[in-house]
Amino acid sequence: MLNTRLTDRLGIRHPILSAPMAFASGGELAAAVTHAGGLGLIGGGYGDASWLTRAFAAAGNARIGCGFITWSMAQNPSLLDQSLAHAPVALMLSFGDPRPHAAQVRAAGALLICQVQTLAHVEDALEAGVDIIVAQGSEAGGHGARRATMTLVPEIATLLQRRSPDTLLVAAGGIADGRGLAAALALGADGVLMGSRFWACRESLAHPGHQAVALKSDGDQTVRQSATDIARGYDWPPGFTARVINNRFVQEWEHRPGEHRARAGELRAAYQTAVAAGDPDHAGVWVGEATGLIEDIESAAAIIERTVAEAEAIITRLGTLRDGR
Ligand SMILES: Cc1cc2nc3c(=O)[nH]c(=O)nc-3n(C[C@H](O)[C@H](O)[C@H](O)COP(=O)(O)O)c2cc1C
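Residues numbered from 1 in each chain as written. Predicted model: local features only at pLDDT ≥ 70, side-chain atom pairs only at ≥ 80, totals over all residues.

## A closer look at the sheet that holds strand β3 (residues 65–69)
In step 1: Spatially, 8 strands are ordered β1-β9-β8-β6-β5-β4-β3-β2 in an open sheet, and the strand pairing comes out parallel. With partners counted over all chains shown, the strands left at the sheet margins are β1 (16–18) and β2 (41–43), one partner each. Each strand of the sheet is rotated relative to its neighbour by a mean of 25°, with strand direction disregarded.
In step 2: Taken together, the 3 bridges between strand β8 (residues 168–172) and strand β9 (residues 191–194) define a ladder with parallel strand orientation. Bridged to V170 within β9 is G191.
In step 3: Packed on one face of the sheet, helix α8 (residues 149–163) meets β6 (132–136) and β8 and runs near 175° to β8. (Pairing = 2+ DSSP bridges. Helix = DSSP H or I, 4+ residues; strand = E, 2+ residues; numbered from the N terminus. Axes fitted to C-alpha atoms, helices over the stretch in contact; angles between N-to-C directions. Contact = placed C-beta atoms within 7 Å.)

## Concerning the domain arrangement of the chain
In step 1: The domains assigned to the chain are domain 1 (5–205 + 297–323) and domain 2 (208–285).
In step 2: Spacing between the C-alpha centres of domain 1 and domain 2 amounts to 24 Å.
In step 3: Tallying the contact residues gives 12 residues for domain 1 and 10 residues for domain 2.
In step 4: In terms of residue class, the side of domain 1 that touches domain 2 is made up of 7 nonpolar, 5 polar and no charged. (Domains from an automatic or database assignment. Nonpolar A, V, L, I, M, F, W, Y, C, P; charged D, E, K, R; others polar.)

## Points about the environment of H35
In step 1: Looking at the element boundaries, H35 is found in helix α2 (residues 27–35).
In step 2: Distance from H35 to E203, taken between C-alpha atoms, is 12 Å for residues 168 residues apart in sequence.

## What to know about the site of the ligand
In step 1: In the region of the ligand, 30 residues are neighbours, and S94, A140, G141, G142 and G195 sit closest.
In step 2: Elements with a contribution of two residues or more to the shell around the ligand: β3, β9 and α10 (196–199).
In step 3: It is α10 that contributes the most residues to the shell around the ligand, 3 residues altogether. (Near = placed C-beta within 6 Å.)

## Overview of α2
In step 1: Burial of α2 is extensive: 8 of the 9 residues sit out of reach of the surface.
In step 2: Looking at α2, one finds that the buried residues are G27, E28, L29, A30, A31, A32, V33 and T34.
In step 3: Of the surrounding secondary structure, the elements contacted by the buried residues of α2 are β1, β2, α3 (49–58), α10 and α15 (300–323).
In step 4: Just beyond α2, the residue with positive phi is G37, at close to 105°. (Buried ≥ 20, exposed ≤ 12 C-beta atoms within 10 Å, placed from the backbone.)

## Observations concerning the environment of T118
In step 1: Considering the arrangement of structural elements, one finds T118 in the loop between β5 (111–116) and α7 (119–127).
In step 2: With 199 residues separating them along the chain, T118 and R317 place their C-alpha atoms 33 Å apart.

## Comments concerning unusual backbone geometry
Peptide bonds are trans in most cases, and residues, glycine excluded, mostly fall at negative phi.
In step 1: For F23, which is not a glycine, the phi torsion comes out positive at approximately 70°.
In step 2: Even without a glycine there, the phi angle at F95 is positive, about 65°.
In step 3: Considering the arrangement of structural elements, one finds F95 in the loop between β4 (90–94) and α6 (99–107).

## Regarding the pairing of strand β11 (residues 241–245)
In step 1: Burial runs high along β11: 5 of the 5 residues are buried.
In step 2: In the sheet, strand β7 (residues 142–144) pairs with β11 via 3 bridges, with the strands oriented antiparallel. Within β11, the position partnered with G142 by the bridge is R243.

Pasting the structure below:
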């Protein structure tokens, strides 16, 4: 058992959260992670009320949380009301200013989790009265920014120690096994949030065609880009890009954003057809550098058990270094 402040605060067995991944983290995945001893988060994504209703229903009575893309949810705040009505354990906000929504989250009795990519984001989160900060490094799958997990996590750990010692810290970005979990704890985190690893699991909503490509890809084959946002017509704020597999679609459009924008409307239906078909070449395949660490599509429970067992073994082995045994 790895007991940390995170397991205590959330009342969970293992210091592992699953990321609220748009289009991948439904209620089944969130519930599976929670039942296996972590905390599962539904991915509210770009906001679709009927999808959210189905996701909470699929989670049954499991203690779960929910996450939103903040700038998108702010355009339709009734999604936050809808989500909080299900009494989630925690509500995670990423990619946007959490401050306007913090009081509502707290009033509903949910813990506020803010995912941050910079130290400036930490300041906003502290002003919002955040309970748990997720420091997301650039290795991450999906949207993110430029800082690497290796330096972002300890820098924020030091900042929190000085300024807000009761705020918990979770590391994200490139963590997919026990090595990543042990490293995150060594860097000063209280636990980890894993996205890509759970994207590639049985309970994920990711298309098997995309998961199959990820199994064959290594970390070199991913790239941060914006062509997937242009294709879908999402107006992401500056500073955020998305890590996906560097496939034919990305190579065709990433270096021609002007032309892509001009033609995106006309091309959208074909893009969406490719997404629905799990076409690995003509749609974004949403996985991070951790794709190089993923070899099987397992159940969420198997991933959690193995990750914790590996981390425990590593921590024990590192202890023997000091004793010279
Ligand atoms: C397929 C996919 C979709 C994602 N969608 C979201 C999202 O909707 N909201 C969010 O806050 N983060 C999202 N993320 C980022 C995760 O929250 C998390 O930071 C990331 O997965 C951690 O890095 P890892 O993928 O290396 O584990 C997504 C990540 C992936 C892989």
